[in-house]
Amino acid sequence: MSSNDLSRPSFAPRNWEGWLSVLPFLVLGWLPRRLGLWLVAPIGPLAFRFARRRREIALRNLNRCFPEWSEEKKQQVLRSSFDSIARMIVETSWCWSGPLSRSLNLGRVHGMGNLLLAEKNGNGVLLVTGHSTCLEIGARIMAHGRKGGGVYRPLRNPVMEWYQNRGRLRYVAFMISKRNAKRAVKTLRTGGTLWYAPDQDFGLEKSAFAPFFDIQTASLLATHRLPKMTGCAVVFMYPIYNQEDGRYDIHVSPALENYPSNDPVADLARINAMIEEQVRKAPEQYWWIHRRFKTRPEGEPPFYCD
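Since this is a predicted model, take the numbers as computed values, not measurements.

**Student:** Would you mind going over the overall build of the protein with me for this structure?
**Tutor:** The helix and strand tally for the protein stands at 12 helices and 9 strands. On C-alpha atoms alone, the protein measures out to a radius of gyration of 19 Å, which is about the 19 Å that the 2.2 N^0.38 rule sets for 306 residues. For the protein, the C-alpha atoms occupy an extent of roughly 50 × 45 × 40 Å along the three principal directions. Taking all 306 residues of the protein together, the buried fraction comes to 52%. Sequence separation of at least 24 residues holds for 77% of the intrachain contacts in the protein that already meet a minimum separation of 6. Accessible surface, the protein: about 15100 Å² in total, of which carbon and sulfur atoms supply 54%. Of the charged side chains in the protein, 43 are positive and 27 negative; the average position of the first set lies 8 Å away from that of the second.

Now the structure itself:
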C-alpha cells in the first residue's frame, strides 16, 4: 500500500543505515518511563548548545511573537523548548513502540463529549490542532478506541517512514499523506474523523496570509477548503504537558459555529487565534524551531537570516 493511503503496515525496508536512526526509539519505547526520561534529559541542553541554526530560528520566533517579554524570559523559554523537544523523543517512543497502556495512563481528555457530539451528526470531523511538542502522545491518548485517522508529512528516511506509520497504525485506522487531498475529502464526506495540524509554512501555493501572533503568516487553506467542500464539522484539540504531575491534558473544544464562512482569510485567522491561545499557556512546548514565518508578503524583508 502506498504512503499516500495507509491503512495497514507495509514491510520494513532493508536499509541498515536507516535502522540506526530508529533503534533508539525502539529501545526507549520499552524502557521504564523514568529511565527513558532520564536518558533523554541531557539531549535538550546539548541541542541548545550545538544546534546553533535551530536555536537562532527559535529565538527569532520568540523575539517577534513575544516582544513584551524580557530577554531573561525569552532565554528561559528558549532553553525549556529544547528540553520539551528532548522529552518528545521518549513520548513518541512510547506511542510507536512501547505498551499502549502506558500512554493512556498518562493522559486526561477534557471535552471529549464535544468530539463525540460532532461525530454523531455524521458529516465528518476535521480535528484541527497545532504543533505542540507533545502532539503525538496527545493524539495517541485521544485516539484510544476510535476509528479516525490523520494527515501526515512523508519522511525522506524510508525506515523512519515505515516505523512512524507502523507505530501510528497501532492506534488509528489510517494515515493519509498531505499529498493525497482526494483521500482526505473522501474521508470527510463519508463521515470520517481526520486529525490535521496546519500550522506549518509550505509556501503560498496552498496558503493565504492570516495573522498569527500579529504577524502575517502563510496559513494553509485546507482548514477552510475541506469544510467548504465536505460540510464537515471543525473541532479544535490541543495537548499540554503538565509539569507538576507529569501527565498530559488534552483540551477539545466544541465544534466551531458558523464555520467555514465565505471569507477564507477570516477563517484562517480564527484557527490561528485558537492555536495562539493554547501556545501562550505553555510556550515552551511549541515547535519554535520551525521556520513558521519563512514566507513573507511581497515587499517584506526575509524573516530569518539564511
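More follows now that the structure is in view.
**Student:** Whenever I open this one, the environment of Lys294 confuses me. Can you help?
**Tutor:** Positionally, Lys294 belongs in the segment after α12 (264-281). Separated by 93 residues in the primary sequence, Lys294 and Asp201 have C-alpha atoms spaced 6.8 Å apart. Sequence-distant contacts of Lys294, defined by excluding residues within four places in its chain, comprise Asp201 and Tyr304.

**Student:** Looking at this model, I keep getting lost on the environment of Phe202. Mind explaining?
**Tutor:** Along the chain, Phe202 falls in the loop between β5 (193-196) and β6 (207-212). Along the sequence, Phe202 and Val125 sit 77 residues apart, while their C-alpha atoms lie 23 Å from each other.

**Student:** Looking at this structure, I do not really get the packing of helix α3 (residues 43-50) against helix α5 (residues 71-96). What am I missing?
**Tutor:** The description of two packed helices rests on the angle between their axes and on the distance between the axes. As a packed pair, α3 and α5 sit with axes 7 Å apart at the nearest point and diverge in direction by 125 degrees. As summarised for this structure, α3 and α5 are arranged oblique, according to the angle between their axes. In the packing of α3 onto α5, the handedness of the crossing is right-handed. For the pair α3 and α5, the contacting residues are Ile43, Gly44, Pro45, Ala47 and Phe48 in the first and Gln75, Leu78, Arg79, Phe82, Asp83, Ala86 and Ile89 in the second. Of the residues contributing to the contact of α3 with α5, the split by class is 8 nonpolar, 2 polar and 2 charged.

**Student:** Looking at this model, I keep getting lost on the pattern of salt bridges. Mind explaining?
**Tutor:** Side chains that carry opposite charge are capable of pairing whenever their charged atoms lie near each other. Applying the stated criterion to the full structure yields 11 salt bridges. Glu71 serves as the salt-bridge partner of Lys74, at 3.5 Å between the closest nitrogen and oxygen. In this pair, Lys74 and Glu71 both sit in helix α5, 3 residues apart, roughly one turn of the helix. Owing to a relative accessible area of 6%, Lys74 belongs among the buried residues under this scheme.

**Student:** I'm lost on the nonpolar core in this one. Help?
**Tutor:** Grouped burial of nonpolar side chains is what soluble globular proteins tend to show. Of all hydrophobic cores here, the largest spans 44 residues; its most connected members are Leu126 and Trp288. The residues touching Leu126, leaving out its near neighbours within four places in the chain, are Leu188, Leu194, Tyr196, Thr223, Leu226, Pro227, Cys232, Ala233, Val234 and Val235.

**Student:** Is there a simple way to think about the packing of aromatic side chains in this case?
**Tutor:** Where two aromatic rings form a pair, the distance of their centres and the angle of their planes describe that pair. Taken as a whole, this structure holds 17 aromatic pairs when the rule is applied. Between the aromatic rings of Phe293 and Phe303, the centroid separation amounts to 5.0 Å while the plane-to-plane angle is 35 degrees, which identifies the pairing as tilted. Within this pair, whereas Phe293 is found in the segment after α12, its partner Phe303 is found in the segment after α12, the two being separated by 10 residues in sequence. The exposure class of Phe303 is buried, given its relative accessible area of 4%. Within the aromatic cluster, the residues linked to one another by ring pairs are Phe66, Trp69, Phe212, Phe213, Tyr286, Trp288, Phe293, Phe303 and Tyr304. The ring of Phe48 has Arg55 sitting right over it, with the charged end atom 5.6 Å from the ring centre. Taking NZ or CZ as reference, Arg183 lies 4.9 Å from the ring centre of Phe174, over its face.

The rules we used
Residues numbered from 1 in each chain as written. Predicted model: local features only at pLDDT ≥ 70, side-chain atom pairs only at ≥ 80, totals over all residues. Heavy atoms only, no water. Helix = DSSP H or I, 4+ residues; strand = E, 2+ residues; numbered from the N terminus. Rg over C-alpha atoms; globule rule 2.2 N^0.38 Å. Buried < 20%, exposed > 50% of the residue type's maximum accessible area, 1.4 Å probe, protein only. Contact = heavy atoms within 4.5 Å. Areas by Shrake-Rupley, 256 points an atom, 1.4 Å probe, with all protein chains shown as cover. Lys, Arg positive; Asp, Glu negative; His and termini not counted. Charge placed at Lys NZ, Arg CZ, Asp CG, Glu CD. Axes fitted to C-alpha atoms, helices over the stretch in contact; angles between N-to-C directions. Parallel < 35°, antiparallel > 145°, perpendicular 65-115°, else oblique. Left-handed = near helix turned anticlockwise from the far one by under 90°. Nonpolar A, V, L, I, M, F, W, Y, C, P; charged D, E, K, R; others polar. Salt bridge = Lys/Arg side-chain N within 4 Å of Asp/Glu carboxyl O. Core = buried A, V, L, I, M, F, W, Y, C linked by side-chain atoms within 4.5 Å. Phe/Tyr/Trp six-rings, centres within 6.5 Å; stacked < 30°, edge-to-face > 60°. Lys NZ or Arg CZ within 6 Å of the ring centre and 35° of its normal.

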